[in-house]
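Read off the chains here:
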Amino acid sequence: MYTDAGLSEEIVALGERIEKECQEEFRRIDRIAEKNAMKVIAAMRKNRLQEAHFQPSSGYGYNDLGRETLEKVYADVFHTEAALVRPQITCGTHALSTALFASVRPGDEILSPVGKPYDTLEEVIGIRPSKGSLAEWGVTYREVALKEDGSFDYDAIASAVNPRTRLAEIQRSKGYLARKSFSPEEIGELIRFLKSLKSDIIVMVDNCYGEFVCETEPSDFGADLTVGSLIKNPGGGLAESGGYVAGRKDLVEECAFRLTAPGLGAEVGANLGQLKTMFQGLFFAPTVTAAAVRTAVFAAHLYEALGFRTFPAAGEERTDIVEAVSLESPERLKAFCKGIQQASPVDSFVTPEPWDMPGYEDPVIMAAGTFVSGASIELSADGPLRPPYNVYFQGGLTYPHGKYGILSSADALYAAGLVKLPLL
Ligand SMILES: *Cc1c(COP(=O)(O)O)cnc(C)c1O
């Protein structure tokens, strides 16, 4: 069937061999999905989810029972006091920006103890000068790089924390960096350390791409705010838009005041008919996330067999759905994305080209043939056009599609003479 779809026999044969190596890891992934599915179902049962909760609301959206139930379900899934989950949160950056602006005041300082934050946050914080940034509001920023071996630099963090440090932002996933992603336990260790330095520091975790990959979340280890996007893992591929903030009640309330208006907070915000897909997406999220992690594992094994460096490496523990491969040339990066695009259910006939995306410093190439525009829980690949030409890819709503996409990417490299096959 893969050769019928145009892939070369050599790549298909390699893929079949590689898949056998993955079985042990696949079993572990499926076990985690089972536990997370039970966590989600338990939260829905506890909150007596019912058909009436799917009713659309319009206008102000006062007394929206479905919306309130969705937020209670999220709070229970993340084991937090409260959650804000809205289609009006337009993307992950918006959710993170809302939480940052809500938590600090002029004169405060934000600390990133894990090195550079996600590219789009550079403009939110004002690391790159930008209109409306936190810097313009008199909020300063400091960052502490990770140590050479990728671990936290506790000494440097201790000297960076000062009386103005109001919030620490910890990014769980590597983003566009060649570092490792952190597990909830590792994040918990860092949170304990930060709180020992300054007990009232607010710890916010950028949980994008991390949800449901492990049995726990950063909120189980003391994160005050856990933030993410619904067109990534927790939307399960069904949510059409939205983001979430889960955490301490007082801080989530501040986020609601920031998202809507002081005084209004979480009381307004029509659900616009999005609730059923938001609930159902959350219901699917554990198994959809597992499909994405399986895809990443398959890709790591395949690309290592082809001689590339992968992050995480085959067999390494995973804490997010992102896989990166150092392709070492712009031609390979473009071919990889072309292969992913060709295997997509939507827009399979287009060829991705690099462009200057808003919020990113270098031109970025992206492959995404998705049902929800730009959704990266669906199989998608992207990378900034800068050495070492790492491609970052994630997603796969189903494993069969993920596997096909990865085979197709390898085939695109092979067809262009950009890769040598290992001896079988
Ligand atoms: C995707 C992502 C973001 C930003 O989310 P958008 O929805 O693209 O705005 C922030 N941080 C991390 C780690 C991400 O993966």
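Residues numbered from 1 in each chain as written. Predicted model: local features only at pLDDT ≥ 70, side-chain atom pairs only at ≥ 80, totals over all residues. Heavy atoms only, no water.

Undergrad: Looking at this structure, how should I read the environment of C255?
TA: On the secondary structure map, C255 appears in helix α8 (residues 249-259). In this structure C255 comes out as buried when scored by relative accessible area, which is 0%. In this structure the C-alpha to C-alpha distance between C255 and S97, which are 158 residues apart in sequence, comes to 9.6 Å. When sequence neighbours within four positions are dropped, the list of residues in contact with C255 reads L84, T98, A99, A102, L225 and V245. (Helix = DSSP H or I, 4+ residues; strand = E, 2+ residues; numbered from the N terminus. Buried < 20%, exposed > 50% of the residue type's maximum accessible area, 1.4 Å probe, protein only. Contact = heavy atoms within 4.5 Å.)

Undergrad: I'm lost on the site of the ligand in this one. Help?
TA: Surrounding the ligand, one finds C91, G92, T93, L96, Y118, Q171, D206, C208, Y209 and K232. In the model, an oxygen atom of the ligand is placed 2.9 Å from a nitrogen or oxygen of the K232 side chain. Its free accessible area being 370 Å², the ligand has 91% of it covered by the protein chains. Placement of the ligand is best described as lying within the largest pocket. At three residues, helix α4 (residues 92-103) tops the list of elements feeding residues into the shell around the ligand. (Near = heavy atom within 4 Å. Polar contact = N/O pair within 3.5 Å; in protein donor to acceptor, adjacent residues only side chain to side chain. Areas by Shrake-Rupley, 256 points an atom, 1.4 Å probe, with all protein chains shown as cover. 1 Å grid on protein atoms, 1.4 Å probe; cavity = no way out; pocket = protein on both sides within 12 Å on 5 of 7 lines; lining within 4 Å. Sits in = over half its atoms within 2 Å of the grid points.)

Undergrad: Looking at this model, I keep getting lost on the packing of aromatic side chains. Mind explaining?
TA: Two measures describe an aromatic ring pair: the distance that separates the ring centres and the angle between the ring planes. Enumeration according to the criterion identifies 15 aromatic pairs in this entry. Geometrically, the ring pair formed by F152 and F182 is tilted, given 4.9 Å between the ring centres and 50° between the ring planes. In this pair, F152 sits in the loop between β3 (140-143) and α6 (154-160) while F182 sits in the loop between β4 (165-171) and α7 (184-197), placing the two residues 30 residues apart along the sequence. Here F152 matches F182 in class, with each residue buried. Where F336 meets F393, the ring centres are 5.1 Å apart and the plane angle is 40°; that geometry is what we call tilted. Residue F336 is found in helix α10 (residues 330-342), and its partner F393 is found in strand β12 (residues 390-394); the two are separated by 57 residues along the sequence. One exposure class covers both F336 and F393, and it is buried. Joined through ring pairs, the aromatic side chains of F152, Y154, F182 and F193 make up one cluster. One Lys or Arg, K232, reaches over the ring of Y118 and ends 5.7 Å from the middle of that ring. For K232, the ring lying beneath its charged end belongs to Y209, and the centroid distance is 4.0 Å. (Phe/Tyr/Trp six-rings, centres within 6.5 Å; stacked < 30°, edge-to-face > 60°. Lys NZ or Arg CZ within 6 Å of the ring centre and 35° of its normal.)

Undergrad: Just to check I follow, could you spell out a negative patch on the surface for this structure?
TA: A contiguous patch of negative charge, built from E185, E304, E316 and E317, is present on the exposed surface. Mapped onto the elements of the fold, E316 is located in the loop between β8 (309-311) and β9 (323-326). Classification of E316 as partly exposed rests on a relative accessible area of 38%. (Patch = residues over 30% accessible without salt bridge, like charges linked within 9 Å, V, L, I, M, F, W, Y side chains within 5 Å. Salt bridge = Lys/Arg side-chain N within 4 Å of Asp/Glu carboxyl O. Lys, Arg positive; Asp, Glu negative; His and termini not counted. Charge placed at Lys NZ, Arg CZ, Asp CG, Glu CD.)

Undergrad: Would you mind going over the sheet that holds β12 with me for this structure?
TA: Strand pairs in the sheet, formed through backbone hydrogen bonds, run parallel or antiparallel to each other. Taken in spatial order, the five strands of this open sheet run β8-β9-β12-β11-β10, and their pairing is antiparallel. In the strand order of this sheet, the two ends are held by β8 and β10 (364-368), each with one partner. On average, each strand axis in the sheet is tilted by 20° relative to the strand beside it, whichever way the strands run. Bridge count for β10 against strand β11 (residues 380-384) is five bridges, and the pairing is antiparallel. Bridge pairing in β11 places V364 opposite P384. Across the sheet, α10 touches β10, β11 and β12, and the angle it forms with β10 is around 20°. (Pairing = 2+ DSSP bridges. Axes fitted to C-alpha atoms, helices over the stretch in contact; angles between N-to-C directions.)

Undergrad: Please explain the environment of A368 as it appears in this structure.
TA: Secondary-structure assignment places A368 in strand β10. Placed 16 residues apart in sequence, A368 and P384 show a C-alpha to C-alpha distance of 15 Å. Excluding residues that lie within four positions of it along the chain, A368 makes contacts with Q341, L379 and S380.

Undergrad: I would appreciate a short explanation of the state of the cysteines in the present structure.
TA: One way to say it: the disulfide is the covalent bond shared by the sulfur atoms of two cysteines. Summed over all chains, the structure comprises zero disulfides. With no disulfide partner, C208 has as its closest neighbouring cysteine sulfur the one in C91, 8.8 Å distant. Residue C214 stays outside any disulfide, its sulfur separated by 15 Å from that of C208, the closest cysteine. Look at C214 and you get buried, because its relative accessible area is 8%. (Disulfide = S-S within 2.5 Å.)

Undergrad: Even after reading the chapter, I still don't get helix α11 (residues 399-415), so can you show me in this structure?
TA: Since there are 3.6 residues in each turn of an α-helix, residues three or four apart along the chain are aligned in direction. Taking 1.5 Å per residue, 17 residues should reach 24 Å; α11 reaches 24 Å between its end C-alpha atoms and fits that length. Along α11, 13 of the 17 residues are buried, which leaves the element largely enclosed by surrounding structure. Where α11 begins, the capping side chain belongs to T398, and its oxygen is found 3.2 Å from the backbone nitrogen of H401. Of the residues one or two after α11, G417 is the one with positive phi, at around 70°. (Expected span 1.5 Å × (residues − 1).)

Undergrad: What's the story with α10 in this structure? I'm lost.
TA: Along its 13 residues, α10 runs 18 Å from first to last C-alpha, staying within 8% of the 18 Å computed at 1.5 Å per residue. Among all positions of α10, only L333, A335, F336, C337, G339, I340 and Q341 are buried. On its buried face, α10 sits against α9 (275-305), β10, β11, β12 and α11.

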